[in-house]
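# Structural characterization, general
For reference, the chains in residue letters:
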Amino acid sequence: MAILKFLGAALAVSAIAAPAMAQISSEGGPIYIDSERTESLERERKVLLIGNVDIQQGTARLRADTVTIIFSGKTGEGTAGVGSGFGQIQTMIAEGNVFYVTPEMKAKGDRGVYDAAVDTITMTGNVALMRERDVAEGQILKLEVGKRRTTLDGGTGRTRMVIESDKDTAGN
């Protein structure tokens, strides 16, 4: 999942914490951001987060080397505060060592894109998905956040899975 660039990290956190339509969590709520550097490209309605980016919303967490947030330019009703002129989050692009973690699952890949219009996170490149002790690997992972639906594609190869059986019920 890219975040708007502002004059400073504190300004970016203030802007993102304001009401926004984007969600990395099905719970919604404010989005909290931490990074080594934040750049704001106001004319392009973009914020660049660079270096050990850590984004949290509710119980969901997104980590990556860099994240770019692209804003729609359309402000939502009731949206006010610093950065509200950028509008609502349209797209977040996370690149390099991307990790998306919720209480139910952990996913990693080379790149992740959040598309607010369809409330979907798509991870690509050496994707691994872990749920409890089960592990699945592939090239393209599609997470429909609000619908809580997950699809894993092998790309030009195949998907691989290891499913651990519950020892208490196995063999009975």
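The following paragraphs examine the structure supplied in this document. (Residues numbered from 1 in each chain as written. Predicted model: local features only at pLDDT ≥ 70, side-chain atom pairs only at ≥ 80, totals over all residues. Heavy atoms only, no water.)

### Points about the overall build of the chain
When you go through the chain residue by residue, the secondary structure sums to 1 helix and 10 strands. Overall, the chain shows an N-to-C arrangement of helices and strands of α-β-β-β-β-β-β-β-β-β-β. Scored against the burial criterion, the 172 residues of the chain give a buried share of 38%. Accessible surface computed for the chain: about 9,500 Å², of which carbon and sulfur atoms make up 48%. (Helix = DSSP H or I, 4+ residues; strand = E, 2+ residues; numbered from the N terminus. Buried < 20%, exposed > 50% of the residue type's maximum accessible area, 1.4 Å probe, protein only. Areas by Shrake-Rupley, 256 points an atom, 1.4 Å probe, with all protein chains shown as cover.)

### Re the pairing of strand β6 (residues 106-115)
When strand β5 (residues 89-101) meets β6, the two strands line up antiparallel, connected through 9 bridges. Bridging across to β6, Ala94 finds its partner in Gly112. Between β5 and the antiparallel strand that follows it, β6, lie 4 residues. Looking at chain direction, β6 and strand β7 (residues 120-131) are connected through 8 bridges and run antiparallel. Within β7, the position partnered with Val113 by the bridge is Thr122. Linking β6 to β7, which pair antiparallel, is a turn of 4 residues; within it Asp119 sits at a positive phi near 50°. (Pairing = 2+ DSSP bridges.)

### Here's the deal with the environment of Tyr32
Positionally, Tyr32 belongs in strand β1 (residues 32-34). By relative accessible area, which is 47% here, Tyr32 ends up partly exposed. Taking the C-alpha atoms as reference points, Tyr32 and Asp54, separated by 22 residues in sequence, lie 8.2 Å from one another. Apart from the residues lying within four places of it in its own chain, the contact partners of Tyr32 are Asp54, Ile55 and Gln56. (Contact = heavy atoms within 4.5 Å.)

### Here we look at unusual backbone geometry
Of note, the phi angle at Arg45 is positive, near 55°, even though the residue is not glycine. Among the secondary structure elements, Arg45 is positioned in the loop between β2 (37-41) and β3 (46-57). Accessibility expressed as a relative area gives 31% for Arg45, which makes it partly exposed. With a phi angle near 50°, Glu132 is a residue other than glycine that sits in the positive phi range. Tracing the chain through its elements places Glu132 in the loop between β7 and β8 (134-144).

### Remarks on the nonpolar core
Ranked by size, the top nonpolar core spans 29 residues in total, and within it Leu49, Ile55, Val67, Ile69, Met92 and Met123 carry the most contacts. For this core, the secondary structure elements donating two or more residues are β3, β4 (60-71), β5, β6, β7 and β8. The leading source of residues in this core is β4, at 6 residues. (Core = buried A, V, L, I, M, F, W, Y, C linked by side-chain atoms within 4.5 Å.)

### Remarks on the packing of aromatic side chains
Using the criterion set out here, one finds 0 aromatic pairs in the structure. Its guanidinium or amino end placed over the ring of Phe99, Arg63 lies 5.3 Å from that ring's centre, counting from NZ or CZ. (Phe/Tyr/Trp six-rings, centres within 6.5 Å; stacked < 30°, edge-to-face > 60°. Lys NZ or Arg CZ within 6 Å of the ring centre and 35° of its normal.)

### Let's talk about the environment of Val127
Relative to the helices and strands, Val127 is located in strand β7. Given the relative accessible area of 2%, Val127 is considered buried. Setting aside residues no more than four positions away along its own chain, Val127 makes contact with Lys108, Gly109, Ala136, Glu137, Gly138, Gln139, Ile140, Leu141 and Leu152.

### Digging into the pattern of salt bridges
Where charged atoms of side chains with opposite charge meet at close range, the side chains can pair. With the rule as written, the count across this model stands at 8 salt bridges. In this structure, Glu44 engages Lys46 in a salt bridge whose closest nitrogen and oxygen atoms are separated by 3.6 Å. Look at Glu44 and you get partly exposed, because its relative accessible area is 48%. You can call Lys46 partly exposed: its relative accessible area is 25%. For Asp54, the salt bridge identified is with Arg61, shortest N-O distance 2.4 Å. Through salt bridges with shared partners, a single network forms among Glu144, Lys147 and Arg149. (Salt bridge = Lys/Arg side-chain N within 4 Å of Asp/Glu carboxyl O.)

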